[in-house]
Amino acid sequence: MIVRGARERLRHDRTAYDLVVLDAFGDNLVPVELVTREFFAVADSRLAPGGLLAVAFEAQGWDDVLVRSLAATLRTRFATVIALPTGEPPNTLGSVVLLAAHGPIDFTGDLPEPHDYLNAPLDHWTVVQMNHAWTSGFAPDPRGAVVLTDDRNPADLWGDRINQAARAELHGFFGRGEGW
């Protein structure tokens with residue numbers, strides 16, 4: 001696991017990975033240096049043949065500009081990009097995982113059955129979300145999307161918008177308390 005300096009670390013690393021996971025979007029902060037065409041080229045250079053790049057983040061709906069732009073940026077390097085959303089309905093705040101590969105992404109394994117986890121609520125919810133993501137997977141529409149580069153990258157602004165939506169949802173769930 002690489003916690004800091006992922007771009008520099010991958011640039012100097014010579015290991016070939018079957019899977020590179022980018023999950024660096026804490027508090028909906030979009031690390032702009034990790035979502036560019038240039039970074040994805042570095043990450044791609046560390047993938048073994050048949051390897052997969054996964055990017056996990058939050059978005060305001062399946063068609064959010066961040067989803068479309070990250071997918072369009074990944075497509076500058078990878079032949080296949082699919083989105084696995086967890087939010088429902090499709091226009092709501094939720095997690096999305098983008099998977100990118102040079103060839104087809106074929107999930108042939110059996111998904112766990114949610115009813116097998118009814119006695120473990122957290123595990124049940126995890127399995128429900130996993131099933132939802134895989135059965136709802138889609139190729140994001142790149143039309144009108146910005147390809148993110150080191151020189152052109154409004155992703156931090158989109159992340160701020162998503163952060164504000166997440167805070168509003170949180171306050172809606174818990175209510176506004178004294179001093180909030």
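Above: the structure in question.
Residues numbered from 1 in each chain as written. Predicted model: local features only at pLDDT ≥ 70, side-chain atom pairs only at ≥ 80, totals over all residues. Heavy atoms only, no water.

A. The nonpolar core, seen in detail. Residues Leu 53, Val 55, Phe 57, Leu 74 and Leu 98 are the most contacted members of the largest nonpolar core, which totals 35 residues. Those elements that provide at least two residues to this core are α1 (6-12), β1 (17-22), α2 (37-45), β2 (47-60), α3 (65-75), β3 (80-85), β4 (93-101) and α5 (155-174). For Leu 98, the residues in contact, after removing those within four places along its chain, are Leu 53, Ala 54, Val 55, Phe 57, Val 67, Leu 70, Ala 71, Leu 74, Val 81, Ile 82, Ala 83 and Pro 140. Ranked by size, the runner-up nonpolar core spans five residues in total, among them Ala 54, Leu 84, Leu 99 and Ala 133. (Core = buried A, V, L, I, M, F, W, Y, C linked by side-chain atoms within 4.5 Å. Buried < 20%, exposed > 50% of the residue type's maximum accessible area, 1.4 Å probe, protein only. Helix = DSSP H or I, 4+ residues; strand = E, 2+ residues; numbered from the N terminus. Contact = heavy atoms within 4.5 Å.)

B. View of a nonpolar patch on the surface. A cluster of nonpolar side chains, namely Leu 170, Phe 173 and Phe 174, defines an oily patch on the protein surface of about 390 Å² accessible area. Looking at the secondary structure, you find Phe 173 in helix α5. (Patch = residues over 30% accessible without salt bridge, like charges linked within 9 Å, V, L, I, M, F, W, Y side chains within 5 Å. Areas by Shrake-Rupley, 256 points an atom, 1.4 Å probe, with all protein chains shown as cover. Salt bridge = Lys/Arg side-chain N within 4 Å of Asp/Glu carboxyl O.)

C. Just helix α4 (residues 121-135), in detail. Taking 1.5 Å per residue as the helical rise, α4 with its 15 residues ought to reach 21 Å, and the 21 Å between its terminal C-alpha atoms agrees with that figure. If you follow the buried residues of α4, they end up packed against β3. (Expected span 1.5 Å × (residues − 1).)

D. Structural view of the sheet that holds β4. Within the open sheet, the four strands sit side by side as β1-β2-β4-β3. Their pairing is mixed. Of all the strands in the sheet, the pair left with one neighbour each is β1 and β3. Taking the axes of each pair of neighbouring strands and ignoring which way they run, one obtains an average angle of 20 degrees across the sheet. In the sheet, β2 pairs with β4 via eight bridges, with the strands oriented antiparallel. Each bridged residue has a counterpart across the sheet, and for Phe 57 the counterpart in β4 is Val 96. Strands in contact with α4 are β3 and β4; relative to β3, the strand with the most contacts, it is inclined by about 140 degrees. Most of the contacts of α5 go to β2, to which it runs at about 55 degrees, and overall it touches β2 and β4. (Pairing = 2+ DSSP bridges. Axes fitted to C-alpha atoms, helices over the stretch in contact; angles between N-to-C directions.)

E. How the structure looks around the environment of Leu 122. Structurally, Leu 122 is set in helix α4. Expressed as a C-alpha distance, the spacing of Leu 122 and Asp 18, which sit 104 residues apart in the sequence, is 29 Å.

F. Main features of unusual backbone geometry. Cis geometry marks the peptide bond from Glu 88 to Pro 89, where omega comes out at 5 degrees. With respect to the secondary-structure elements, Pro 89 resides in the loop between β3 and β4.

G. Inspection of the pattern of salt bridges at higher detail. Within this structure, the stated rule accounts for five salt bridges. Between Arg 77 and Asp 44 there is a salt bridge whose closest N-O contact spans 2.8 Å. You can see Arg 77 sitting in the loop between α3 and β3 and its partner Asp 44 sitting in helix α2, a full 33 residues away along the chain. As a salt-bridge pair, Arg 143 and Asp 141 come within 2.6 Å of each other at their nearest N and O atoms.

H. Here's a closer look at the environment of Thr 80. Structurally, Thr 80 is set in strand β3. When its relative accessible area of 19% is taken as the criterion, Thr 80 is described as buried. Spatially, the C-alpha atom of Thr 80 lies 10.0 Å from that of Leu 52, the residues being 28 residues apart in sequence. Leave out the neighbours within four places in its chain, and Thr 80 touches Leu 99, Ala 100, Ala 101, Gly 103, Pro 104 and Ile 105. Among the polar contacts made by the side chain of Thr 80, one reaches the main-chain carbonyl oxygen of Gly 103 at a distance of 2.9 Å. (Polar contact = N/O pair within 3.5 Å; in protein donor to acceptor, adjacent residues only side chain to side chain.)

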